[in-house]
Amino acid sequence: MSGGGCNIVWFRRDLRVEDNPALAAGVRAGAVVAVFIWAPEEEGHYHPGRVSRWWLKQSLAYLGSSLKNLGATLITKRSTDSVSSLLEVVKSTGATQLFFNHLYDPLSLVRDHRIKEVLSAQGIAVRSFNADLLFEPWEVLDDQGHPFNTFAAFWDRCLSMPYDPEAPLLPPKRIKSGDASRCPSDTLVFEDDSEKASNALLARAWSPGWSNADKTLTTFINGPLIEYSMNRRKADSATTSFLSPHLHFGEVSVRKVFHLVRMKQVLWANEGNKAGEESVNLFLKSIGLREYSRYMSFNHPYSHERPLLAHLKFFPWIVNEGYFKAWRQGRTGYPLVDAGMRELWATGWLHDRIRVVVSSFFVKVLQLPWIWGMKYFWDTLLDADLESDALGWQYISGTLPDGREFDRIDNPQFEGYKFDPNGEYVRRWLPELARLPTDWIHHPWDAPESVLQAAGIELGSNYPLPIVEIDAAKARLQEALSQMWQHEAASRAVVENGTEEGLGDSSESAPIAYPQDIQMDVDHETLRNNHPTAAIRRNEDQMVPSMTTSLVRIEEEETSLEIRPEDSRAEVPTDINRNEEPRGEASNQAVTQTLPSNILPQFTFTLGLRNAEDSTAESSSSSRRERDGGVVPVWSPSTSSYSEQFVGEESSYLQRHPESHQLMNWRRLSQTG
DNA sequence: AGAAATTTGAC
DNA sequence: TCAAATTTC
């Protein structure tokens, strides 16, 4: 009896039918209507980038057909407000229950709670589950019952919990379909015309979708996993799992990954294969970091926009758009950094090691605000993941209790020796250095003139001299740090005196706006492509960006990005789609030829900037939530014993999004499962 | 050789 | 941080 109250299963970042607790529960409860709501405006300025949207599109199509084969329909809705869309779906299907899986970013926590409130008020039962983590964030606590604030301790505890993570669920054999005839789907548009060509190339290297994710996992476990610990010093991506984009959209469950990998470990341990065992530990650690990123996001909901350690807000970041541009273009003069940035630019992908190299360079050598780098990663990475990226950047920036020392500068030259000893990686991505002998490949500035000449390199002309000398960077960093401590002390004095003034601009409390006026160099290639909108669009394009000098706020400048609600498509700024190679003649063919078949020769970027910050102070409240009758602790700065050392978390990202509502609403967010 | 200092790696 | 590894004295 399909009329007898059907069940809505709301898919978000859990685009799989296997080990999907919300789906399983919905199926158990009766007839199911599956729904996906595309509401990118809710993400504020973390609107998904082009490659991420491409992935989502494929993944959804895949899920849709899987569900269809099982007997259910996936309804897709374009929305600017998930809550009201969901309400609409509920009404038009006559549903009595809603099922979904948890997310842990602050926006989702608030939104999901609101949904729970609104629907409960209408008599709809709402049930939510853990599908994204081995353990829920509130389950993993230290002996005093407090959340951990270092990764090692956190992960130790995860691995020694008194109970195992839930075993993965099988996909449903058959789904009884609810009546969705009065609930039409909207067509979701994830790319515009100018993005199609670049997106088509992505399909050569990647296959989104839950069963492809499963294949990727199997391939990895039966192949590179055993060598994982040996290979982790190489810049080459070939030995990585390639699971991150699949995991971001929940196409494969971490619990399954965990179980399969642990199984392998037991096997290797029996065979006395120490390297294999160690490899599993290392790989699991990266799974653990993903867990930890959600954990931190849950316990410190502002960690994607503010340093966790308070003193860092007094760090005098260098707001230099020229540096930022050079970094993005891969023209810093440090070959390993530049190769990494070109690879990111060309493929949307970077080995974890290289992510550390380029981001560390960004923060420590260029001393640019880490939040910019994080935003750039968000816009360009195929596996862009707010929680993971925030953790990574905070770690690099030294803003975590267990992060890198702030005054330590990694020298890209020496990292080059380590990660790319033969210079292959650099040569692949920097064709202009391809003919440089290995001895000089990571420090061309030291090479004798004759060597440079023979390699066709003219420093400062077809390859830049180092943008900042490492020694100068060290001195500058010391200077910046002493300033930071002075400001910090001054601030403390102000607080103690109860005075409200004096402190000022050096603090990050007035957030440094992401430079949105990014201009593309109008060069020969633009002209050649003769893109009709090139002239007007260029300042929205990140392709070959050059920055103008001002830090103009977005709302003043980017009216062309305004969202028109009647537009049913994703409002993505038009890109100029072109083959772009770093300047210099070496260019296209050279790079394309050296590309392995699984790497994409061409890419475009979009700048998905939205709302500028206007942070308003507002205090959050401590709260607890119900969980099947049990009480589940929720993040609470006032009760957390170590919150003192963290930045005051009173000014909220959430407050900038009127649709997100108050933190107070978290209070009774149901965690039923 | 053996202690001390320095560098490295980790999340 | 901090322990381990490596280099220096």
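Each chain carries its own residue numbering, running from 1 in the direction its sequence is written. Here every chain gets a letter starting at A, and every ligand a number starting at 1, in the order they are written. Per-residue local features are limited, in this predicted model, to residues with pLDDT of at least 70; the limit for side-chain atom pairs, both in listing and counting, is 80 or more; totals at the level of whole chains, interfaces and linings are taken over all residues. Excluded from the side-chain calculation are hydrogens and water; included are all heavy atoms of the structure.

An unreviewed UniProt entry lists chain A under the name Photolyase/cryptochrome alpha/beta domain-containing protein, with Escallonia herrerae as the source organism. UniProt positions are given in the numbering used here, feature names are shortened, and annotations may be inferred rather than shown by experiment. If you open the UniProt record of chain A and go to Sequence similarities (unreviewed entry), you find "Belongs to the DNA photolyase class-1 family."

Visitor: Whenever I open this one, the pattern of salt bridges confuses me. Can you help?
Guide: Basic side-chain nitrogens of Lys or Arg form a salt bridge, by our definition, when they fall within 4 Å of a carboxyl oxygen of Asp or Glu. Following the criterion strictly, the structure yields 23 salt bridges and no others. The closest approach of N and O atoms between D19 and R255, which form a salt bridge, is 3.2 Å. Residue D19 is located in the loop between β1 (6-11) and α1 (21-29), and its partner R255 is located in helix α10 (residues 254-270); the two are separated by 236 residues in the primary sequence. Here's how the labels work: a residue is buried when its accessible area is under 20% of the maximum for its type, exposed when over 50%, partly exposed in between, all with a 1.4 Å probe on protein chains only. Owing to a relative accessible area of 0%, D19 belongs among the buried residues under this scheme. Here E191 makes a salt bridge to K57, at a shortest N to O gap of 3.3 Å. Of this pair, E191 sits in the loop between α5 (151-159) and α6 (193-205) while K57 sits in helix α2 (residues 50-70), and the two are 134 residues apart along the sequence. Helix numbering and strand numbering both begin at the N terminus, where a helix is a DSSP run of H or I of at least 4 residues and a strand a DSSP run of E of at least 2.

Visitor: Help me out: how do you make sense of the environment of A235 in this one?
Guide: Counting through the fold element by element, A235 comes out in the loop between α8 (228-231) and α9 (244-248). Looking at A235, the relative accessible area reads 3%, which means it is buried. For the pair A235 and G340, spaced 105 residues apart in the sequence, the C-alpha separation amounts to 8.9 Å. Contacts were defined at the residue level, with two residues in contact if any of their heavy atoms lie within 4.5 Å. Ignoring any residue separated from it by four or fewer positions in sequence, one finds A235 in contact with H351, I354, F419 and Y425.

Visitor: In this structure, what is going on with the protein's contact with DNA strand B? I would like to understand it.
Guide: Every residue near DNA strand B is listed here: F151, R232, R233, K285, L289, D352, R353, V356, Y395, D402, R408 and K418. If even one non-hydrogen atom of a residue comes within 4 Å of a molecule or strand, that residue is called near it. Each atom of DNA strand B within 4 Å of the protein belongs either to a base or to sugar and phosphate, the latter forming 48%. Under the rule applied, a polar contact is a pair of N or O atoms within 3.5 Å (in protein, one hydrogen donor and one hydrogen acceptor; residues adjacent in sequence only if both atoms are side-chain atoms). Within the contact set of DNA strand B, a base nitrogen lies 2.4 Å away from a side-chain nitrogen or oxygen of R408. Of all the elements in the fold, those that place two or more residues in the surface near DNA strand B are α11 (274-299) and α14 (352-365). A per-element tally of the surface near DNA strand B places α14 first, with three residues. In this count, Pro and Cys sit with the nonpolar residues alongside Ala, Val, Leu, Ile, Met, Phe, Trp and Tyr, while Asp, Glu, Lys and Arg are called charged and the others, Gly among them, polar. Taken together, the residues of the surface near DNA strand B break down into four nonpolar, no polar and eight charged.

Visitor: How do you make sense of the packing of aromatic side chains when you look at a structure like this?
Guide: Geometrically, a pair of aromatic rings is defined through the distance of the ring centres and the angle of the planes. The aromatic pairing rule takes the rings of Phe, Tyr and Trp, using the six-membered ring of Trp, and pairs them if the centres are within 6.5 Å, calling planes under 30 degrees apart stacked, those over 60 edge-to-face and the rest tilted. Counting across every chain of the model gives 36 aromatic pairs. With 5.8 Å between their ring centres and 85 degrees between their planes, Y46 and W378 make a pair best called edge-to-face. Here W378 lies in helix α15 (residues 370-380) and Y46 lies in the loop between β2 (32-38) and α2, a separation of 332 residues in the sequence. Comparing Y46 with W378, the two get one shared label, buried. Pairing W327 with W393 gives two aromatic rings, centres 6.3 Å apart and planes at 75 degrees, and the pair type is edge-to-face. Of the two residues, W327 is situated in helix α12 (residues 321-329) and W393 in helix α16 (residues 386-397); the sequence distance between them amounts to 66 residues. Each member of the pair, W327 as well as W393, carries the same accessibility label: buried. Through pairs of rings, three or more aromatic residues link up here, namely F324, W327, F362, W372, Y376, F377 and W393. The side chain of R328 reaches across the aromatic face of F324, ending 4.3 Å from its centre. Any Lys NZ or Arg CZ that is within 6 Å of a ring centre and within 35 degrees of that ring's normal is treated as a charge sitting over the ring.

Visitor: Looking at this structure, I do not really get the nonpolar core. What am I missing?
Guide: Taken as a class, soluble globular proteins show a tendency for nonpolar side chains to be buried jointly. One finds F315 and W327 to be the most contacted residues of the largest nonpolar core, which totals 63 residues. Filtering out sequence-adjacent residues up to four positions away, W327 remains in contact with T332, V337, M341, V358, F361, F362, L366, G373, Y376, F377 and W393. The term nonpolar core refers to a set of buried residues drawn from Ala, Val, Leu, Ile, Met, Phe, Trp, Tyr and Cys, joined through side-chain atoms within 4.5 Å. Formed by 34 residues, the second largest nonpolar core is a distinct cluster that contains F135, Y228, L282 and M296.

Visitor: Explain the UniProt feature "binding site: FAD" (unreviewed entry) in chain A to me, please; I cannot follow it from the model alone.
Guide: Annotation from UniProt places "binding site: FAD" (unreviewed entry) at Y228, T240, S241, F242, L243, S244, F283, D383, A384 and D385. The largest pairwise C-alpha distance within this set of annotated residues, which runs over 158 residues, is 22.7 Å, so the set is dispersed in three dimensions. Here F242 shows up in the loop between α8 and α9. For F242, a relative accessible area of 22% corresponds to the partly exposed category. Within the secondary structure layout, L243 lies in the loop between α8 and α9. L243 gets classed as buried once you look at its relative accessible area, which sits at 1%. L243 has contacts with A213, T216, L217, V252, V257 and F283, leaving out every residue within four places of it along the chain.

Visitor: Mind showing me how you'd approach the sheet that holds β1 here?
Guide: The pairing of strands in a sheet happens through backbone hydrogen bonds and is either parallel or antiparallel. Two strands pair under a simple rule: DSSP has to find at least two bridges between them. Sheet architecture is open: five strands sit in the order β3-β2-β1-β4-β5, paired in parallel fashion. Each edge of the open sheet is held by one strand with a lone partner, namely β3 (74-78) and β5 (125-129). Strand after strand, the sheet turns through a mean of 25 degrees between neighbouring axes, direction not considered. Judged from the five bridges that link them, strand β4 (residues 95-101) and β5 form a sheet pairing that is parallel. Bridge pairing links F99 to R127 in β5. Packed on one face of the sheet, α1 meets β1, β2, β4 and β5 and runs near 155 degrees to β4. Contacts between helix α4 (residues 106-121) and the sheet are confined to β1, β4 and β5, with β4 contributing the most and set at about 165 degrees to the helix. Each axis is a line fitted through C-alpha atoms, and for a helix only the stretch in contact is used; angles between axes span 0 to 180 degrees, taken between their N-to-C directions.

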